[in-house]
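Descriptive structure summary
Residues per chain, in single letters:
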Amino acid sequence: MLTTITTTTTTTTATTTTAAATATATALGHIAVFGAVGVVILIALLIAKELLTASENEKAQLVGRFTSIAINPLMVVFVIIVGIKIIEVL
C-alpha cells in the first residue's frame, strides 16, 4: 500500500515537473520571437523616420515626426532586451 502511494506521488511529481519545464521553454521561445519582431519593427521605423524627415514634403516630414510615438517605447524594449542578454552572458 505504501509503495503504491509513493510510486503514484513520484510519478505525479515527475509529470508535473516535466510539464512545467515544457511550458517554460515554450514561453521563452515566444518571448524570443516577440523580441525579434520588436527589433525588426524598430529598425523599420528608424529607417522610415530618417527617409521621411529628409524629404522636402511637409506632410512626409510630419509623418516622420509622428513615428517617434512608436519608436520611443520600442527603444525602451530594445534596451531591456539587450540588458537581459548581457546579464545572461555574465
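Our subject is the structure listed above.
As the structure is a prediction and not an experimental result, all values here were calculated from the model.

Reading guide: rules and limits
Residues numbered from 1 in each chain as written. Predicted model: local features only at pLDDT ≥ 70, side-chain atom pairs only at ≥ 80, totals over all residues. Heavy atoms only, no water. Helix = DSSP H or I, 4+ residues; strand = E, 2+ residues; numbered from the N terminus. Buried < 20%, exposed > 50% of the residue type's maximum accessible area, 1.4 Å probe, protein only. Areas by Shrake-Rupley, 256 points an atom, 1.4 Å probe, with all protein chains shown as cover. Polar contact = N/O pair within 3.5 Å; in protein donor to acceptor, adjacent residues only side chain to side chain. Contact = heavy atoms within 4.5 Å.

1. Observations concerning the overall build of the chain
Within the chain, the regular secondary structure consists of three helices and zero strands. The order of α-helices and β-strands along the chain, N terminus first, is α-α-α. Here the chain, with 90 residues, has 11% of them falling under the buried criterion. With an accessible surface of roughly 7,100 Å², the chain has 77% of that area assigned to carbon and sulfur atoms.

2. Describing the side chain of Ser68
Relative to the helices and strands, Ser68 is located in helix H3 (residues 68–89). Within the structure, the side chain of Ser68 is placed 2.4 Å from the side chain of Lys49, a separation counted as a polar contact. Sequence-distant contacts of Ser68, defined by excluding residues within four places in its chain, comprise Lys49 and Pro73.

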